[in-house]
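Observations on the three-dimensional arrangement
Below, each chain spelled out in residue letters.
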Amino acid sequence: MSGHSKWSTIKRQKGNADAKRAQTFTKLAMGITIAVREGGGGDPSSNFKLRLVMDQARSANMPKDNVQRAIDRGLGKAGSGAQLESTLYEAYGPGKVALVIEAATDNKNRTTGDVKNTIEKAGGSFISPGTVSWMFSDEGIITVLKNGKTMDEFLDLAIEAGAEDVADLDDVVEIYTKPNTLDAVRKVLVEKGIDVQNAELSKRPTTMVEVGDAETAKKVLNLMEKLEEMDDVQKVHSNFDIPENLL
């Protein structure tokens with residue numbers, strides 16, 4: 001199981017009970033606004049990035065008014081709030097685990113300071129852009145429910161749809177694609193009756209880092225959780241090979 005899959009498993013096991021609904025909507029709204037600005041406008045039929053985030057918003061039962069305000073903000077309409085910008089941070093966590101943090105902010109100085117302080121308090125180091133990002137490849141990830149199908153069946157379906165790899169996460173399966181084929185693969189899977197839960201663009205580590213002792217491993221996980229709990233942070237990617245006893 002890849003590092004991304006293990007991290008996904010841990011987050012699913014924790015469930016949504018410990019995540020504030022308002023914070024979820026805040027992150028989704030930021031994602032929608034950035035997608036409008038960077039993906040090509042406010043029409044999801046022609047803006048693939050926007051369509052992905054809006055699918056996630058629907059799954060989270062985000063009110064339509066919130067979605068529209070986020071789109072208006074991305075379009076720069078008057079009274080829609082301060083403009084957001086996306087930014088990428090890089091860091092080493094405890095045990096020299098590489099971290100890439102995606103954020104969206106209307107105050108880059110504030111967000112940079114908050115992220116830097118969180119990392120350094122956890123025993124990590126805030127590093128220059130490009131230091132670890134080369135260790136990750138851009139990819140599409142589609143999460144689907146098993147619904148009685150075997151992994152061999154999913155592998156055959158995924159390959160036929162144009163995907164590159166699959167991972168077993170117990171109750172769900174992650175299907176990996178190239179970024180530019182994510183939407184096409186998702187559509188094929190839906191047409192074949194597969195229950196698609198989520199589709200997103202992500203970063204997959206090309207090399208993994210093992211942490212020798214349980215205490216350091218827990219520190220890495222705690223840091224990743226703290227970063228993801230920050231309002232301005234959208235996603236945290238790592239090359240941490242999470243020990244099975246922490247799943």
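Residues numbered from 1 in each chain as written. Predicted model: local features only at pLDDT ≥ 70, side-chain atom pairs only at ≥ 80, totals over all residues. Heavy atoms only, no water.

Here we take up the sheet that holds strand β8 (residues 233-238). What the four strands build is an open sheet, ordered β3-β1-β2-β8; its pairing is antiparallel. Both edges of this open sheet fall to β3 (125-127) and β8, since each of them pairs with a single strand only. Each strand axis lies, on average, 30 degrees off the axis of its neighbour in the sheet, ignoring direction. Pairing geometry for strand β1 (residues 85-92) and strand β2 (residues 98-105), over eight bridges, is antiparallel. By the bridge assignment for β2, Glu-90 is matched with Val-100. Helix α8 (residues 214-228) rests against β2 and β8 of the sheet, and its axis sits at about 160 degrees to β8. (Pairing = 2+ DSSP bridges. Helix = DSSP H or I, 4+ residues; strand = E, 2+ residues; numbered from the N terminus. Axes fitted to C-alpha atoms, helices over the stretch in contact; angles between N-to-C directions. Contact = heavy atoms within 4.5 Å.)

Reading across from one edge, β5-β6-β4-β7 is the order of the four strands in this open sheet, with antiparallel pairing throughout. Across the chains shown, the open sheet's two edge strands, defined by having one partner strand only, are β5 (165-169) and β7 (196-205). Adjacent strand axes in the sheet meet at a mean angle of 25 degrees when their direction is disregarded. Across nine bridges, the pairing between strand β4 (residues 136-145) and β7 is antiparallel. Paired with Thr-143 across the strands is Asn-198, a residue of β7.

So, about the side chain of Lys-27. With respect to the helices and strands, Lys-27 occurs in helix α2 (residues 21-39). Here Lys-27 is buried and forms no salt bridge, its nearest opposite-charge partner Asp-231 lying at an N-O distance of 5.7 Å. Among all residues touching Lys-27, those that are not within four sequence positions of it are Glu-228, Glu-229, Met-230, Asp-231, Val-233 and Gln-234. (Buried < 20%, exposed > 50% of the residue type's maximum accessible area, 1.4 Å probe, protein only. Lys, Arg positive; Asp, Glu negative; His and termini not counted. Salt bridge = Lys/Arg side-chain N within 4 Å of Asp/Glu carboxyl O.)

Within the largest apolar cluster, 20 residues are counted, with the highest numbers of intra-cluster contacts made by Leu-99, Ile-101, Val-115, Ile-119, Leu-227 and Phe-240. Counting 16 residues, the second largest nonpolar core, distinct from the first, contains Ala-161, Val-173, Ile-175 and Val-185. (Core = buried A, V, L, I, M, F, W, Y, C linked by side-chain atoms within 4.5 Å.)

Turning our eyes to something else, we now look at the packing of helix α5 (residues 108-121) against α8. Between α5 and α8, the least distance of the axes is 10 Å, while the angle of their chain directions is 165 degrees. Considered as vectors, α5 and α8 are oriented roughly antiparallel to each other. Of the two elements, α5 crosses α8, and the hand of that crossing is right-handed. Residue-level inspection shows Val-115, Thr-118 and Ile-119 of α5 in contact with α8, the latter providing Leu-223, Lys-226 and Leu-227. Of the residues in the contact of α5 with α8, the class split is four nonpolar, one polar and one charged. (Parallel < 35°, antiparallel > 145°, perpendicular 65-115°, else oblique. Left-handed = near helix turned anticlockwise from the far one by under 90°. Nonpolar A, V, L, I, M, F, W, Y, C, P; charged D, E, K, R; others polar.)

A positive phi angle is found at Lys-96, which is not glycine, with a value near 60 degrees. By the element assignment, Lys-96 lies in the loop between β1 and β2. Taking relative accessible area as the criterion, Lys-96 reaches 52% and is therefore assigned exposed. Of note, Asn-147 is a non-glycine position whose phi angle comes to about 50 degrees, a positive value.

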